[in-house]
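Read off the chains here:
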Amino acid sequence: MINFTTFVVFCFCLYESFSYCKEYTFPNNFKFGVATAAYQVEGAWNTGGKGENIWDHMTHTNPSSILDRSNGDIACDSYHKIKEDVRLLKNLGVDFYRFSISWSRILPSGKTDHINPDGIRYYNELIDELLANDIKPFVTMHHYDLPQPLQEEEGGFLNLKLADYFEDYADVLYKNFGDRVRDWTTFNQPTLICFLGYSGEFIAPMITRKDGGYLCGHTLLIAHAKAYHLYNKRYRASQKGRIGIVQNIFWFEPRTNNIEDLQAAEAANEFNFGWFANPIFSKEGDYPQIMKENIEYASKQEALPKSRLPEFTQEEIELIKGSADFLGVNHYTTFYCSPVEDKSIEIGLFYIPDMNTNCIVDKTAEGSSSSWLKVKPTGFRKALNWIKQQYDNPEVIILENGISDAGNLLNDCLRVNYYNLYLTEMLKAIHEDGCNVSGYAAWSFMDNFEWRSGYTQKFGLYSVDFDDPARPRTPKMSAFVFKNIIRERKINWTYTPDGFRPCERSKIKEEL
Ligand code: NOJ
């Protein structure tokens, strides 16, 4: 005989399609954080001896390149708000804060001819304040904001010499902050830095060379590996930290189960993620085979003397292979792919010509204020499984995940549901599939400058009033929900913080 309570739980479980019964918790050593990037939050663009970077330059010389003609001159003014921001972080209960260091604040010319004392002071104060509050600094060395002189005088990442300048910059960072920073990542989203910045007009420096993305990628991979080996040689023994890289993984699904679509999706995953992950995390190293083949073929068709994709020497392959202690991953959404010859669908938002694949968003899915970002939580689990399979289950730390809205709601149910859904899928990947995910950072700590979309798309847990010179921060409902997730170490679908209206049940939850 079953008693009444068991019966009620049984019914509830059926009602909840069993998901409640399989309520996973975050492993004991799992770490939570929130993320930002220097240009998006710091402001103080020319304060204390900071040099100009490519975003300062682009927003000032070409204001119409930004949707609302805004810039990051002041942004969230985080440069002046260390104490206030760390207090908010402490209140969230995070284990770590992922922020990026502005290369131009440390080295105004991009090179080590002058190390800016105010830059060192600023990040020292931030790091010390975090540590005093038991929050680990998780540092990105480069998040899109290259010093302008390196762009103007050296050609930016098209020039392999940048790998040496990056290594010198990394040296300055290890030397000054490495006694307290244990978690480093070199580049944020190299695929996007290169493809969107050097083969497209999507982000600074808006160069549109067909080979630009690949040349840039080559430089970044060598730069990353140099920074990693430098750490091993000079700092690892005494500082005992670890070095990773942050790769964005959009999940690319086949649009149908046709073999052509399956191959198209695989190509898209390799061109986007494998481009940087294969050289570092695969056993054999080097670029994915499909990239080498497709780009060589296309280059021949164009009668080029050699492939647009540069070749690594064997020595470089060895230098890059294994050059990371963990894999940082940003994930937001899923695209659906078909071969580009399939003219029945329009060309999608994210299109790399050589992959011969066209990937589109699911227009019918719940959206956000970013046209590329639809709510597709199951893609997160699939992406994590793909990483596990391709690269022998490396340690993965999610360093960005989140959703945008227009920023007009403190009762931000879209974001609350998004986090609950995506974290549920991540928990399944950990518990059911054995994916080695050890941490998670929400993007973003607060609303900020969303690159070419300016301040029109808001990703923050905290709202920021950009019309008020004091840039006050106000917690949204999602800040309380995230805090509760960290506190309870599980997803609690029924939690509604005081003063907020409960969210409507996400339809997607019912389908999972
Ligand atoms: C990833 C980028 O790293 C970050 O800077 C950006 O704001 C988010 N995606 C949202 O688009």
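Residues numbered from 1 in each chain as written. Predicted model: local features only at pLDDT ≥ 70, side-chain atom pairs only at ≥ 80, totals over all residues. Heavy atoms only, no water.

As annotated in an unreviewed UniProt entry, the chain is beta-glucosidase from Popillia japonica. Recorded under Subunit (unreviewed entry), the UniProt text for the chain is reproduced unchanged: "Homodimer." UniProt, in its Sequence similarities (unreviewed entry) section for the chain, records the words "Belongs to the glycosyl hydrolase 1 family." (UniProt positions renumbered as here; feature names shortened; annotations may be inferred.)

## Details of the site of the ligand
Near the ligand, the surroundings consist of Gln40, His143, Asn188, Gln189, Asn330, Tyr332, Trp372, Glu400, Trp443, Glu450, Trp451 and Phe459. A distance of 2.7 Å separates an oxygen atom of the ligand from a polar side-chain atom of Glu400. Here the ligand has 300 Å² of accessible area as a free molecule, and 95% of this is covered by the chains. A breakdown of the residues in the shell around the ligand according to their chemical character gives five nonpolar, five polar and two charged. (Near = heavy atom within 4 Å. Polar contact = N/O pair within 3.5 Å; in protein donor to acceptor, adjacent residues only side chain to side chain. Areas by Shrake-Rupley, 256 points an atom, 1.4 Å probe, with all protein chains shown as cover. Nonpolar A, V, L, I, M, F, W, Y, C, P; charged D, E, K, R; others polar.)

## A few points about empty space enclosed by the protein
On inspection of all chains with the given rule, the structure shows three cavities of 30 Å³ or more. Considered as a void within the structure, the largest cavity measures approximately 120 Å³ in volume. If you go around the largest cavity, you meet 16 residues; those closest to its centre are Val41, Ser78, Tyr97, Tyr122 and Leu126. Only helix 2 (38-41), helix 4 (82-92), strand 2 (96-100) and helix 6 (117-132) provide two or more residues apiece to the lining of the largest cavity. Partitioning the lining of the largest cavity into residue classes produces 10 nonpolar, three polar and three charged. Counted as a void, the second largest cavity has a volume near 70 Å³. Lining the second largest cavity are Ala38, Tyr39, Glu42, Gly43, Trp45, Lys50, Asn53, Asp56, Gly72, Ser102, Arg105 and Asp145. Counted by class, the lining of the second largest cavity contains three nonpolar, four polar and five charged residues. (1 Å grid on protein atoms, 1.4 Å probe; cavity = no way out; pocket = protein on both sides within 12 Å on 5 of 7 lines; lining within 4 Å. Points joined across faces, edges and corners; volume = space filled by probe spheres on them. Helix = DSSP H or I, 4+ residues; strand = E, 2+ residues; numbered from the N terminus.)

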